[in-house]
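Structure at a glance
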Amino acid sequence: MTENVDAAVAPPPQEVDDCRGVLKVYSDGSIWRSNKPSFEVPVHDDGSVLWKDVVFDAVHNLQLRLYKPASPSFSKLPIFYYIHGGGFCIGSRTWPNCQNYCFRLASELQAVVISPDYRLAPENRLPAAIEDGYMAVKWLQAQAKAKEPDEWLTDVADFSRVFISGDSAGGNIAHNLAVRLGAGSAELAPVGVRGYVLLAPFFGGTVMTKFEAEGPKEAFLNIDLIERFWRLSLPLGETTDHPLVNPFGPMSPNLETMGLDPILVVVGGSDLLKDRAEEYAKKLKNWGKKIEYAEFEGQQHGFFTINPNSEPSNELLILIKKFIAQNSV
């Protein structure tokens with residue numbers, strides 16, 4: 001009598017989640033990641049900006065990418081962090097869209113640009129990404145204090161003029177760094193953070209906003225993807241009112257009584273995250289914080305990296321340049 005082997009074989013795992021085709025999560029808990037970016041665009045490296053990779057966290061094998069103008073306009077340049085987006089689940093400093101934007105930032109802002117990676121969910125759920133963002137800034141402090149620093153960086157970097165920006169999930173990290181470091185960022189001395197730039201920050205909450213509910217269903221960052229990113233990145237058992245996700249959640253720190261450095265908040269008018277960004281800026285402004293808010297009419301989530309040479313992207317660079325100048329004196 002032959003045994004029915006097929007009956008004992010477990011069915012293959014089913015795909016449960018797909019994030020832009022580069023991350024797939026299966027029913028048995030296994031995870032597949034593509035070694036290719038979700039944005040297949042050419043890298044525009046014309047030699048006008050120099051760059052290199054540096055390990056900033058050997059324990060987790062995390063790297064950051066440094067950029068500087070090949071022929072800088074000034075002897076010392078401000079330092080501008082650009083923390084990539086991807087819902088805390090995807091993205092990398094090496095993705096072409098990220099690299100091209102950093103080229104533009106370094107060139108147009110005449111700045112040293114630092115683009116760090118961070119651990120991604122669901123393998124590493126929050127607060128891992130926030131901690132990695134903090135470590136990337138502490139790395140800069142170590143460079144500023146080192147007896148034998150990396151001269152590639154220190155020859156041109158002005159450690160007293162640091163700006164921390166982030167795109168989407170990176171904007172969330174930038175906000176949480178602003179809260180953690182507080183006004184004046186005293187713990188980072190001699191590094192001085194002068195301001196933060198939140199580009200379409202990825203905030204959430206258990207109560208859906210009007211635009212999340214009524215905005216375009218075909219949006220680049222649609223509501224299904226928003227919910228999927230949170231499901232995969234939140235600490236298990238937590239909701240989107242978590243303090244790292246909702247700046248005004250029931251357990252979130254009281255931003256009204258907190259000292260914060262200047263913040264520029266930017267969002268596209270067609271971005272489903274628009275209402276949360278606007279509420280964030282309005283509340284902080286009403287509480288007396290130094291806040292600027294800019295909404296780019298008709299623009300989608302991530303418009304500045306998707307079309308980095310568009311007119312709205314050019315206007316954004318002018319806005320960031322002005323913000324840096326105003327907060328450098």
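Please read these numbers as outputs of a predicted model, since none were measured by experiment.

Considering unusual backbone geometry
Following Ala121, the chain continues to Pro122 via a peptide bond in cis, the omega torsion being 5°. Take Pro122: it is sitting in the loop between β7 (112-116) and α3 (128-145). For the bond running from Leu126 to Pro127, omega is 15°, close enough to zero to count as cis. Backbone geometry at Ser168 places phi at a positive 60°, although glycine is not the residue there. Note on placement: Ser168 falls in the loop between β8 (157-167) and α5 (169-181). Since its relative accessible area comes to 4%, Ser168 is described here as buried.

Quick word on the side chain of Ser185
In this fold, Ser185 is placed in the loop between α5 and β9 (193-199). Only 3.1 Å separates the side chain of Ser185 from the backbone nitrogen of Val193, close enough to count as a polar contact. Setting aside its immediate chain neighbours within four residues, Ser185 contacts Val191, Gly192, Val193 and Asp261.

Quick word on the UniProt feature "domain: Alpha/beta hydrolase fold-3" (unreviewed entry) in the protein
Listed under "domain: Alpha/beta hydrolase fold-3" (unreviewed entry) in the UniProt record, and renumbered for this structure, are residues 81-304. Across residues 81-304, the secondary structure splits into 36% helix and 17% strand, with the terminal C-alpha atoms separated by 16 Å.

Reading the values: the criteria
Residues numbered from 1 in each chain as written. Predicted model: local features only at pLDDT ≥ 70, side-chain atom pairs only at ≥ 80, totals over all residues. Heavy atoms only, no water. Helix = DSSP H or I, 4+ residues; strand = E, 2+ residues; numbered from the N terminus. Buried < 20%, exposed > 50% of the residue type's maximum accessible area, 1.4 Å probe, protein only. Polar contact = N/O pair within 3.5 Å; in protein donor to acceptor, adjacent residues only side chain to side chain. Contact = heavy atoms within 4.5 Å. UniProt positions renumbered as here; feature names shortened; annotations may be inferred.

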